[in-house]
Amino acid sequence: MMNKNDIAIIGGGIIGAVIAREVIKQYPQASVSLIERQLCGAGSSFYSAGVHFPRGISERVREMSRHSHDYYQPFVDDGAPFYFLPMELVTGKAHWEETCSNYLPTAGFVLSESMNPLIYLSEDGGQVVLRGKGAHYADVFALIQKWLPVLRSSVAVREGLRVTALHPRPGGYDIALSDDTVQAASQVILAPGPWLAEPAWRERIAGLGIRVKKIVAVHIASKPEPGAPLTIFHDEDAFLVPCHSRGHWLFSYTCQEWDVLPGETGPLQARDLAAARELLRRYAPALAGEIRDGRVFCDAYSPSREPVITRLDEHLIFAGGANGSGYRLAPAIAADVIHLLTQTAF
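Residues numbered from 1 in each chain as written. Predicted model: local features only at pLDDT ≥ 70, side-chain atom pairs only at ≥ 80, totals over all residues. Heavy atoms only, no water.

From N to C terminus, the protein includes nine helices and 17 strands. For 346 residues, the compact-globule estimate of 2.2 N^0.38 gives 20 Å, and the protein sits close to it at 21 Å. Along the longest, intermediate and shortest principal axes, the C-alpha atoms of the protein span 65 × 40 × 35 Å. By residue count, 55% of the 346 residues in the protein fall in the buried class. Pairs at least 24 apart in sequence give 74% of the contacts found in the protein among residues at least 6 apart. Of the roughly 14800 Å² of accessible surface on the protein, 51% is carried by carbon and sulfur atoms. (Helix = DSSP H or I, 4+ residues; strand = E, 2+ residues; numbered from the N terminus. Rg over C-alpha atoms; globule rule 2.2 N^0.38 Å. Buried < 20%, exposed > 50% of the residue type's maximum accessible area, 1.4 Å probe, protein only. Contact = heavy atoms within 4.5 Å. Areas by Shrake-Rupley, 256 points an atom, 1.4 Å probe, with all protein chains shown as cover.)

This part takes up unusual backbone geometry. For Asp-259, which is not glycine, the phi dihedral falls at a positive 60°. With respect to the helices, strands and loops of the structure, Asp-259 is situated in the loop between strand 14 (248-253) and helix 7 (270-280). Phi at Asn-323 takes a positive value of approximately 60°, unusual for a residue other than glycine. Tracing the sequence through the fold places Asn-323 in the loop between strand 17 (316-320) and helix 9 (326-342). For Asn-323, a relative accessible area of 13% translates into the label buried.

Okay, the domain arrangement of the protein next. A common way to express how large an interface is: the accessible area buried when the components associate. On domain assignment, one finds that the protein holds domain 1 (1-81 + 139-209 + 305-345) and domain 2 (82-136 + 211-301). Centre-to-centre separation of domain 1 and domain 2, based on C-alpha positions: 28 Å. Between domain 1 and domain 2, the contact holds 36 residues from the first and 35 residues from the second. Between domain 1 and domain 2 lies a buried interface of about 2900 Å² when both sides are counted; carbon and sulfur atoms form 65% of it. Contact with domain 2 buries surface across domain 1, with Tyr-47, Pro-54 and Arg-55 losing the most and accounting together for 22% of the total. Remark: the boundary between domain 1 and domain 2 carries one salt bridge. Here Asp-237 makes a salt bridge to Arg-55, at a shortest N to O gap of 3.7 Å. The interface formed by domain 1 and domain 2 includes 12 residue pairs in polar contact (both at pLDDT 80 or more). (Domains from an automatic or database assignment. Buried area = accessible area lost by both parts, 1.4 Å probe. Salt bridge = Lys/Arg side-chain N within 4 Å of Asp/Glu carboxyl O. Polar contact = N/O pair within 3.5 Å; in protein donor to acceptor, adjacent residues only side chain to side chain.)

So, about the side chain of Lys-213. Relative to the assigned elements, Lys-213 resides in strand 11 (residues 211-220). One buried charged residue, Lys-213, remains without a salt bridge, the closest side chain of opposite sign being Asp-237 at 6.7 Å. Separated by 2.8 Å, the side chain of Lys-213 and the backbone oxygen of Cys-255 make a polar contact. Here Lys-213 is in contact with Thr-254, Cys-255, Gln-256, Glu-257, Trp-258, Val-260, Phe-297, Cys-298, Asp-299 and Tyr-301, once residues within four sequence places are set aside. (Lys, Arg positive; Asp, Glu negative; His and termini not counted.)

A word on the environment of Pro-224. Mapped onto the fold, Pro-224 is located in the loop between strand 11 and strand 12 (230-233). When the C-alpha positions of Pro-224 and His-244 are compared, they lie 6.4 Å apart, and in sequence the two are 20 residues distant. If sequence neighbours within four positions are ignored, Pro-224 has contacts with Pro-242, Cys-243, His-244, Gly-247, His-248 and Trp-249.

Note on placement: Glu-225 falls in the loop between strand 11 and strand 12. Expressed as a C-alpha distance, the spacing of Glu-225 and Tyr-283, which sit 58 residues apart in the sequence, is 18 Å.

The next thing to look at is the pattern of salt bridges. Two side chains carrying opposite charge are able to pair once their charged atoms lie near each other. One pass over the structure, following the stated rule, counts 16 salt bridges. Between Arg-271 and Glu-257 there is a salt bridge, with the nearest N and O atoms lying 3.1 Å from each other. Residue Arg-271 is found in helix 7, and its partner Glu-257 is found in the loop between strand 14 and helix 7; the two are separated by 14 residues along the sequence. Look at the salt bridges and you will find they share partners, linking Lys-214, Glu-257, Arg-271 and Asp-272 into a network.

Here it is in structure tokens:
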């Protein structure tokens, strides 16, 4: 069985879903398919903390963050699962101005006493707290489900199907699927998240240098107070989120377990919980003592720590390596994909 599409998007996580939304806006007459090996949003997007704050490690990423920040704002009044938060930033006193340069001006940081009474700074006075704005978190899986009914009116959504091979052909690719069907497409957009080792594209993307890293976020069995802020521990690359919608806190810290495979990262290990408690105990000992559970997943990281959006050939685009910021940067990644598509006739 052969189906023909102008554009096929492989990967139905937040990046693939936003790409699909933007593709049908740009090309309303095109035939478009979205192919997902599970349910759309059920991969790394399902486990994502969905945190957005206006930050970037480089000028390019800051511009991407600005684009995404503007993209998400209209959904506030649309019943989408967004939760806006005050924001505070903890960093070293000696370099706080340099730290702030990583954030967009919209953050509006000002030196302040901590807004979160549960947070304590070191007694040596070596740290400062800055108060800012522009942060939110989202239920990423729920957001994708909200978009799906509208997407299905313009996109052929195919869930529960694994891509087993990509066969080049004149004018595009034949995409072999696990149900023994073949999808032909003039343009293929590969947005696989951490599923980089799939035989269908493993060799094609090997030269990009992208690796998969384990991500751990622990849950804290304490209900956040109304108005509790997102607290970013900049120097530790960690953050504390009041998940009001779920009735607990979430603490995400940097885990350094590399080259893992999706499906082989969890469940939580004692060392994961111990590492989270040790770090959080420096700032919020009361919360650290309430860490009992959490979530484990993984994501794709690029060598430059900037997302990778590139043409692999005339008919194949890769979009990923979002470095744990797939939700935060998905709209900007989609914009870059659209830019590549507009340069090619199909």
